[in-house]
Amino acid sequence: MARAPAPALPPPPAASGLAWLRRRLFATWFDAIVTVLAGAALVWLLAALIDWAFLDAVWSAEMRERCRETAGACWAVIEARGRLILFGLYPHEAHWRSTLACLIVVATMVLSCLPAFWGMARLAGLWLAGFGGFVLMMHGGLFGLPVVTTEQWGGLSLTVFIFAAVVVLGMPMAVVLALARRARLPVVAGLAALIIDTVRGLPLLTILFAAAVVAPLALPDWAQGDKLGRVIVAFAVFYAAYQAEIIRAGLQSIPPGQEEAALALGMPWRSVVFDILLPQAFRNTLPATINQVVITFKETSIVTIIGFFEVTASASAAIGRGEWGAYYVEVYVFVALIYFVFVFGLSRYGAWLERRMRLIRG
Amino acid sequence: MAEPAIRMRGVVKRFGGFTALDGIDLDVARGERLVLCGPSGSGKSTLIRCINRLDVHDEGMIVVEGVELGDEDAAIRAVRREVGMVFQSFNLFPHLTVLENCALPRMRARGTPRAEAEALAREQLSRLRVADQAAKYPDALSGGQKQRVAIARALCIEPRIMLFDEPTSALDPEMVGEVLEAMVMLAEGGMTMICVTHEMGFARRVADRVVFMEGGRIIEQAPPERFFSAPAAAQTRRFLGQVLGR
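This one's a predicted model, so the numbers in the text were calculated from it and none came from an experiment.

Analysis parameters
Residues numbered from 1 in each chain as written. Chains lettered and ligands numbered in written order. Predicted model: local features only at pLDDT ≥ 70, side-chain atom pairs only at ≥ 80, totals over all residues. Heavy atoms only, no water. Core = buried A, V, L, I, M, F, W, Y, C linked by side-chain atoms within 4.5 Å. Buried < 20%, exposed > 50% of the residue type's maximum accessible area, 1.4 Å probe, protein only. Helix = DSSP H or I, 4+ residues; strand = E, 2+ residues; numbered from the N terminus. Contact = heavy atoms within 4.5 Å. Buried area = accessible area lost by both parts, 1.4 Å probe. Salt bridge = Lys/Arg side-chain N within 4 Å of Asp/Glu carboxyl O. Polar contact = N/O pair within 3.5 Å; in protein donor to acceptor, adjacent residues only side chain to side chain. Phe/Tyr/Trp six-rings, centres within 6.5 Å; stacked < 30°, edge-to-face > 60°.

Undergrad: Would you mind showing me how to read the nonpolar core here?
TA: Most often, soluble globular proteins have nonpolar side chains that are buried together. W153(A), M8(B), L47(B), I48(B), I51(B) and I194(B) are the most contacted members of the largest nonpolar core, which totals 134 residues. Among the elements that take part in this core, helix α7 (residues 155–181) of chain A stands out by supplying 17 residues, more than any other. Dropping the residues within four chain positions of it, I51(B) is found in contact with I6(B), M8(B), V64(B), L69(B), V79(B), L163(B) and I194(B). By size, the runner-up hydrophobic cluster in this structure holds 51 residues, among which are F90(B), A150(B), M191(B) and F228(B).

Here it is, written out as structure tokens:
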């Protein structure tokens, strides 16, 4: 028996703003009470924050007497101590060099994030130039720039430099470790696994301390290098151990047919790895990689304990000097903002990359 | 008699305790079109994967275009340049465009400059009537288009032998025709071909010889007319009954 289909129902009315509010926030009496209470708390908190950070705040160091009277933030401390926070122990008259060095590294980072620079040779050239420029500016000794030894380096430029150097050195190490761990020769695979597991088994603090303090006792003079150099290499090995596992996971996620097809086409091993497998491995593990890079950026503050005045340590030093000691909250908020700018930039970049890849994936 | 394109003698391949190939003797002449058939697990795929050494045989001898396959890397790559392969699951590189999928392997396998490799790639893509897809990524293509791109990619290396490993098995029925048509075109161009396929119509139309395998052995081989009308072995008759529904 044939039946006529039931007449179509009218489409649900488009949700107006008011209807949405009622459904989501005021559906029941209980919902309404929770909404009002939470809303009030939010408004109060926001008002208090605005009062503290802006309305009652003291901005200028000349008016620092007022800091003691007001309930607001004393941003004057940033004006008074900002240079110490940003430059650490770097000589005052050469702060422009540190600024320039910092900008060089940041510019290099930004450039290497652009697809136009993706390629072994281009990236290698870019970073050689970037690090060269940084060291020339920071260390000096050429073109009439007075020498500033690494013991005096500090502040934001040191943080940014350590971070960039660790990732740029660590990434190739991670690729080598990940490939070695998959190698057909059991000795190679076993050795890579041993290195990765050992390094991951040790706290970063211990590794950096060993590189700074113990290594000079063990290594011959010519192999010791600079303390900062040793610390960066040790930090890079630590980063590489984690990143290697991320890359290995990425390699494992590629269907075996990809490698078989590349081999069947007569492509040499190097090309199979660098043109076919690694690009896909990185794509597949992009969120994990960005995560590891962000962690590394924040972990740079650990170098404090072996006597490097990166930005967090400089901040502590800035408030440790009596007269501004009471305003540590303002100083740490300032430092937190600096970290936030970098980390937020990194995660936005990661999100952009993922979007770009989804477009490619059709 | 001229040197055959492929010569296999006493080839044995084991996976753990399982013997996938159990003493294969097979010659394939230049320009010959061979269809390999048999029930699943009979060793057809393993046989052609041994020819370009994706699988490594344990015993016996395989000579491809005069080069014996052994452990030597240079020999293996030389053979792979002469042997193109098309897979059931296409295996296009998802991070490269269709054009790059075809041009990059050519550049890396034969050291061809980019411009020349891309010109070659476009030529093969238009031969397989997918030239208009060159700028797309594989995920944007239909199954039939993907497989035709995969054939074009293999042809870009300019191989003398083509291996097909169930090239139509992963396709929707309406796309089987366009891929078979491409294979017929290749066959008519004189390419040496070994096809593992269940497409008996293709075998009848194109093959010079049909080889039937079961349990890692070659049970029977004959020209298609004889193979389909008067199969000698009981296993062959049983298999044909199943695939042809007789």
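Undergrad: Could you clarify how one ought to interpret the interface of chain B and chain A in this entry?
TA: Often, the extent of an interface is quoted as the loss of accessible area on bringing the components together. With 23 residues of chain B at the contact, the number on the chain A side is 20 residues. Summing the contributions of chain B and of chain A, the shared interface buries around 1900 Å²; its carbon and sulfur component is 63%. Seen at the junction of chain B and chain A, the total is 2 salt bridges. Measuring nitrogen to oxygen at the nearest pair gives 2.6 Å for the salt bridge that ties R108(B) to D275(A). Between the two partners, chain B and chain A, sit 6 residue pairs in polar contact (both at pLDDT 80 or more). Those elements giving two or more residues to the side of chain B that touches chain A turn out to be α2 (73–82), β6 (83–86), α3 (98–110) and α5 (143–156) of chain B.

Undergrad: Even after reading the chapter, I still don't get the pattern of salt bridges, so can you show me in this structure?
TA: Any two side chains of opposite charge can pair if their charged atoms end up close together. Residues and elements named next belong to chain A. This structure, assessed with the given rule, holds 23 salt bridges over all chains. In this structure, the salt-bridge partner of E245 is R248, at a minimum N-O distance of 3.0 Å. Taken together, the residues E245 and R248, both in helix α11 (residues 227–252) and 3 residues apart, mark about one turn of the helix. Taken together, the shared-partner salt bridges connect R181, D197, R200, E245 and R248 into one network.

Undergrad: Would you mind showing me how to read the packing of aromatic side chains here?
TA: Centre-to-centre distance and the angle between the planes together describe a pair of aromatic rings. Residue and element names in this part refer to chain A. Scanning all chains against the criterion turns up 13 aromatic pairs over all chains. With 5.7 Å between their ring centres and 90° between their planes, F131 and F161 make a pair best called edge-to-face. Linking F131 in helix α6 (residues 120–139) with F161 in helix α7, this pair joins segments that are 30 residues apart in sequence. Since its relative accessible area comes to 9%, F161 is described here as buried. Ring centres of F340 and F344 lie 5.2 Å apart, and the angle between their planes is 20°; this geometry places the pair in the stacked category. Taken together, the residues span about one helical turn, with F340 and F344 both in helix α16 (residues 328–360) at a distance of 4 residues.

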